[in-house]
Structures are given as C-alpha cells and as structure tokens.
Amino acid sequence: MSEQLRQQSRDDFKVEKDKCEMYGFFERNNIPFVPLVGMWDTKEGLVEYLEKMRDSKEHQEKYVFPLWLKSCHLTQGDDAGRIRITKKDLADEKKFREVVGWIRLKWAQKPNDDARAWSDDAKIILHSLKPRFLIQQSFKGPYGDSVGFPKSAPVELKVEVIWGRAYLANICDYEAYALRDGTIERWDTSIFSKVAHVPLTSDEDNKNVLWLKKEGHLEKVYKLAEQVCKAMHADQVRVDIFVRPGDNSAVMVNEISISPGALYKWHAQFMATAWRTGHTTHAYTLLKSEKKVYEEGMHKGKLGNGEDW
C-alpha cells in the first residue's frame, strides 16, 4: 500500500484507514451499518454542532444514545480515537468542555501503528490522512448480557473473509470461533487447552452461543461479510458485525480491517495458506478501474459535511 501511494498516488487503503471514507463506501454499496449522525472536516464545525445539540433535547431525541465520537484518521485501538458521549456529558459544562478538549487534542494527533511489524510502511499511509471526525449512534439492544455474555455490550462477530469466502467468525467477549460447518470452538483457560490447542465444541460447553445458530444469525453474518469483501474486490478483509439476540434481521457492519492482528490458534496457518495459494496460483482476475476502492459502488457522489453527510 505504501509503495502504491508513493509510485502511483493510489490511496485505496482509505476504504479502511479513513473511517469517513469507509462508511461512505458502505453507503454506496448498500451495506448496512450502524447509523451515523454526521461527519465533520473542521473541529470548529463539530464543536458548533455539539453545542447546538446540547441546547436542544428535541434534537437529542432523534438519535440512539450514547453517541460515539470517532476520529476518522486515528485507530480506535492504539490511538484511542473514539469516546462515548452521553446526554449527561452534553448537559454538564465540565464534562462537555472535556469533550471539546479531546476533540482539539485528537485533531492534531498523528496516527500510528507502532505495535505492528509493518509500522514503518503504515506511517507512510497513515500520515497522508487528513483529520476528520464522525458521530455514530449506538447499536440498539438487547446486548450480550441478555444471553449470558459477560458484558452489557453489542454482540460482535469479527469475520475473516479470504478470497470472498468467510472462513470463521470470532465471537467477541466469549473466546470462541464459529466455523462455516456450524462448529463452535471455545477456548478455555486450562493449561491443556492452551498447550494442546484443544477447543470445547459440545453444545453443553457452548450453550450460551447456540442462539447464534438456532436463530439463523451465522449464515446472515457470513453472507454480509462476503458482500463487503466482494464489493472491495479484495483478497482478504476482516468484517466486524453486530447482531441482536432475537432479531436476525438486524445484522450491521461496525467496521472493517485490512491489516488485523488477531491470533487464530491453529487456524492461522490454514488461513495464511488459503490466502497465499490464491496468489501463487493466480486464481483471480485483476480489476482495471480508475476509481479507488473506496469510490466503488452503485451510488454516486462524495461525502458531505455535517448532518447532511
């Protein structure tokens, strides 16, 4: 990616590294995602909007709180590029000023991926991003605690897609993988499980996640993840998807990753082989397009600014 940027000025990586372009890509390709409030390309415009929102309870009622303020140019992990905003944060003067201070701090922050082996190349592409922010609504519950998960948070499945085919879904907050044949593998904390890489696969061991199969969530999650990969014309992508217990029509993309750092036990070697084999056997057709990946899609137009993004 860094070489393509230097030699051809191709910044296709923005489909994931620039969160604003990422959601624009989802919109242009009819990919369901958690609704946004808007996007802003100036910190002054963003602060002005938040001040307007805090003065209007009627305006606040339009959205599902808490809201998530995300910097499009920073990672959500190492760069700590997001914060949660509640109605109390808007109402309380001290807390609101802390939000404004965070915006100013993060607007000036340079993104990095220093914890990864590819950090030197990553700096080249990340430092080409311009600061922008978005506000996103919350995904409506019920959440994981309603089905025996440890956290009151959206149930998220992180799906690894290789050459357009979903390989597995990592069931977050549960330490388990769902495979395409319906198998669910959970990894406990015993020495035997860690050393021998032997997962728990019985229905009794995985009773807290069987609803994902029984309610038909898994196949919809795989289909959506594969839709994203094919729209990108990508050899590999991880697609993070929210699901709602009791409602298998509510699958929505949270975000994607083209350079994930997750570990997958003994699946890792097979995933790497599947990806590598596609390249060594040239089992693909190159797409010739003047468009960048993030510009692809049926819907035309550039991203707007503010609520009318």
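Conventions used here
- Residues numbered from 1 in each chain as written.
- Predicted model: local features only at pLDDT ≥ 70, side-chain atom pairs only at ≥ 80, totals over all residues.
- Heavy atoms only, no water.
- Helix = DSSP H or I, 4+ residues; strand = E, 2+ residues; numbered from the N terminus.
- Rg over C-alpha atoms; globule rule 2.2 N^0.38 Å.
- Buried < 20%, exposed > 50% of the residue type's maximum accessible area, 1.4 Å probe, protein only.
- Contact = heavy atoms within 4.5 Å.
- Areas by Shrake-Rupley, 256 points an atom, 1.4 Å probe, with all protein chains shown as cover.
- Pairing = 2+ DSSP bridges.
- Axes fitted to C-alpha atoms, helices over the stretch in contact; angles between N-to-C directions.
- Disulfide = S-S within 2.5 Å.
- Core = buried A, V, L, I, M, F, W, Y, C linked by side-chain atoms within 4.5 Å.
- Expected span 1.5 Å × (residues − 1).

Undergrad: Would you mind showing me how to read the overall build of the protein here?
TA: When its secondary structure is counted, the protein shows 12 helices and 10 strands. The C-alpha radius of gyration of the protein comes to 20 Å, within 12% of the 19 Å expected for a compact globule of 309 residues. Seen through its C-alpha atoms, the protein measures out along the principal axes to roughly 55 × 50 × 35 Å. The proportion of buried residues among the 309 residues of the protein is 48%. Expressed as a percentage of contacts within the protein between residues at least 6 apart in sequence, the contacts between residues at least 24 apart total 67%. When the accessible surface of the protein is summed, it comes to about 15,900 Å², and 51% of that surface belongs to carbon and sulfur atoms.

Undergrad: Explanation requested: the sheet that holds strand β2 (residues 67-71) in the structure shown.
TA: Strands in a sheet are paired, the pairing made by backbone hydrogen bonds, and the direction either parallel or antiparallel. The 4 strands lie next to each other as β1-β4-β2-β3, forming an open sheet whose pairing is antiparallel. The open sheet has two edge strands with one neighbour each: β1 (36-40) and β3 (82-85). Each strand axis lies, on average, 15 degrees off the axis of its neighbour in the sheet, ignoring direction. Sheet topology note: the β2/strand β4 (residues 133-136) ladder contains 4 bridges and is antiparallel. Residue pairing across strands places Lys-70 opposite Leu-134, the latter belonging to β4.

Undergrad: How should I be thinking about the state of the cysteines in this particular structure?
TA: Two cysteines form a disulfide when their sulfur atoms are joined by a covalent bond. Tallying each qualifying case throughout the model produces 1 disulfide. Two residues share a disulfide in this structure: Cys-20 and Cys-72, whose sulfurs sit 2.0 Å from each other. Note on the Cys-20 and Cys-72 pair: the S-S dihedral is about 65 degrees, so by sign convention the disulfide is right-handed. A residue pair is termed long-range when its members are at least 10 positions apart, and Cys-20 in helix α3 (residues 19-28) and Cys-72 in the loop between β2 and β3 qualify at 52 residues.

Undergrad: Could you clarify how one ought to interpret the nonpolar core in this entry?
TA: Side chains of a nonpolar character, in soluble globular proteins, are inclined to be buried together. With 52 residues, the main nonpolar core has Phe-26 and Ile-171 as its most contacted residues. It is helix α11 (residues 217-232) that provides the largest number of residues to this core, a total of 9 residues. If we ignore the near neighbours within four places in the chain, the residues touching Ile-171 are Phe-149, Glu-156, Leu-157, Ala-176, Ala-178, Ile-184, Val-209 and Leu-212. In this structure, Trp-40, Leu-67, Val-99 and Val-100 belong to the second largest nonpolar core, which totals 22 residues.

Undergrad: Can you help me understand α11 in this one?
TA: Residues spaced three or four apart along an α-helix point in a common direction, a consequence of the helix completing one turn every 3.6 residues. Spanning 16 residues, α11 covers 23 Å between terminal C-alpha atoms, matching the ideal 22 Å at 1.5 Å per step. For α11, every residue scored as buried is listed here: His-217, Leu-218, Val-221, Tyr-222, Leu-224, Ala-225, Glu-226, Val-228, Cys-229, Ala-231 and Met-232.

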